[in-house]
Amino acid sequence: MSTPYAEVIGDPIKHSKSPLIHGFWLAALGLAGDYRRAHVKPDDLAAFIAERRGDPDWRGCNVTIPHKLAVMDFVDDPGDVRGTIGAMNTIVRQRDGALIGTNTDAAGFFAPLAELDLEGAPVVVVGAGGAARAVLFALARARVGRVTILNRSPLKAMGLLATFGLKGDVVALDAPLPPAALLVNASSLGMTGQPPLDLDLSPLADDAIVYDLVYAPLRTGLLAAAESRGLDTVDGLDMLIGQAALAFELFFGKPPPEGRDEELRALLTA
């Protein structure tokens, strides 16, 4: 008897904790299914999608660096993700083989901030890739104030503010930070195997929150620096679990079990 499966694709992919998360939920619910990693290089993306499209056991995949923009060329987009967020992190296979792309990153990112009033608050976002697009989409919905984007190539990020109807600036990575209420690292800087993200956090407000989407390592240099300044922090597991929960229901037809987040977090940090 065949087993339904989903997976996460990216380059690199060994660091991904998504199989642990989905595997934990599948076991907790007693569902027959599997969730895997697939190392897919950019040049192989089209062939990978074509092959999986024809596999009736394949339920879909989560999409991580560097494919969140490129994958939009190979799937259907009924929710106009391209025209709104502009990046996809989840592909779901329909029974007829049609592939639908969506984005669970924006909701997953915002979940830990949902109780905060960010309206009019100044924000700094590091990065201008697919994750940054989801972050900016969510921040625009929260009606934040001026947004400063830090990016290696300021030109690449210039259009993002206009895309999401945000006011602000785009500056180089070594520019001094403004006195923001929220700093989000939506880049791969600080991830294992990537260059560090060294920022002077002293200009941030004393009650600022520092949120790092990187989760390998979980306690990044940025979060350590924030903690040493006495700032509140949010680590990458919050977004990872939040976006995974939405994707899990799309893949396997049931929501994750309730009341098991602490147990899951312990597993992920063991």
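Residues numbered from 1 in each chain as written. Predicted model: local features only at pLDDT ≥ 70, side-chain atom pairs only at ≥ 80, totals over all residues. Heavy atoms only, no water.

Visitor: Looking at this structure, I do not really get the overall build of the protein chain. What am I missing?
Guide: Helix and strand counts for the protein chain come out as eight helices and eleven strands. Rg of the C-alpha trace for the protein chain: 18 Å, near the compact-globule value of 18 Å for 270 residues, within the 12% margin. Structurally, the protein chain occupies a C-alpha span of about 60 × 40 × 35 Å along its principal axes. Sorting the 270 residues of the protein chain into buried and exposed places 49% on the buried side. For the protein chain, long-range pairs separated by at least 24 residues make up 67% of all intrachain contacts whose partners lie at least 6 apart in sequence. Accessible area for the protein chain stands at about 12400 Å²; split by element, carbon and sulfur atoms hold 51% of it. When the 24 basic and 33 acidic side-chain charges of the protein chain are each reduced to a single mean position, those positions are 4 Å apart. (Helix = DSSP H or I, 4+ residues; strand = E, 2+ residues; numbered from the N terminus. Rg over C-alpha atoms; globule rule 2.2 N^0.38 Å. Buried < 20%, exposed > 50% of the residue type's maximum accessible area, 1.4 Å probe, protein only. Contact = heavy atoms within 4.5 Å. Areas by Shrake-Rupley, 256 points an atom, 1.4 Å probe, with all protein chains shown as cover. Lys, Arg positive; Asp, Glu negative; His and termini not counted. Charge placed at Lys NZ, Arg CZ, Asp CG, Glu CD.)

Visitor: Please explain the nonpolar core as it appears in this structure.
Guide: Proteins that are soluble and globular tend to have nonpolar side chains buried together. Core analysis: the biggest nonpolar cluster contains 53 residues, and I91, F109, V125, V147, L182, Y211 and L213 have the highest contact counts within it. Looking at which element gives the most residues to this core, the answer is helix 4 (residues 130-141), with eight residues. Look past the residues within four positions of V147 in its chain and what remains in contact with it is V123, V125, L136, L161, L166, K167, G168 and D169. Of all hydrophobic cores here, the second largest spans 21 residues; its members include I21, A247, F248 and L268. (Core = buried A, V, L, I, M, F, W, Y, C linked by side-chain atoms within 4.5 Å.)

Visitor: How do you make sense of the side chain of T220 when you look at a structure like this?
Guide: Topologically, T220 is positioned in the loop between strand 10 (209-212) and helix 6 (221-228). By relative accessible area, T220 is classed as buried at 2%. In this structure T220 touches G190, D212 and V214, once residues within four positions along its chain are discounted.

Visitor: Would you mind going over the pairing of strand 1 (residues 5-10) with me for this structure?
Guide: Within a regular beta strand, the side chains point alternately toward one face of the sheet and then the other, so they alternate between its two faces. By the criterion of burial, strand 1 is predominantly enclosed, with six of the six residues buried. What you see with strand 1 is no split at all: Y5, E7 and I9 on one side and A6, V8 and G10 on the other are buried throughout. Two elements, strand 1 and strand 2 (residues 34-39), share six bridges in a ladder whose sense is parallel. Following the sheet pairing, G10 is matched in strand 2 by H39. Note that the unit made of strand 1, helix 1 (residues 18-29) and strand 2 has a crossover that is right-handed. As paired elements, strand 1 and strand 3 (residues 58-63) share five bridges and run parallel to each other. Counted as the bridge partner of V8 is N62 from strand 3. (Pairing = 2+ DSSP bridges. Right-handed = clockwise from strand over helix to strand, strands pointing away.)

Visitor: How should I be thinking about the packing of helix 7 (residues 236-252) against helix 8 (residues 261-269) in this particular structure?
Guide: In a packed pair of helices, the relevant descriptors are the angle between the two axes and the axis-to-axis distance. In the contact formed by helix 7 and helix 8, the axes pass within 12 Å of each other and the chain directions differ by 120°. If you check the angle between helix 7 and helix 8, you find them oblique. Crossing of helix 7 against helix 8: the hand is right-handed. Across the interface between the two elements, L237, D238 and I241 from helix 7 touch L264, R265, L268 and T269 from helix 8. Tallied by class, the residues present in the contact of helix 7 with helix 8 amount to four nonpolar, one polar and two charged. (Axes fitted to C-alpha atoms, helices over the stretch in contact; angles between N-to-C directions. Parallel < 35°, antiparallel > 145°, perpendicular 65-115°, else oblique. Left-handed = near helix turned anticlockwise from the far one by under 90°. Nonpolar A, V, L, I, M, F, W, Y, C, P; charged D, E, K, R; others polar.)

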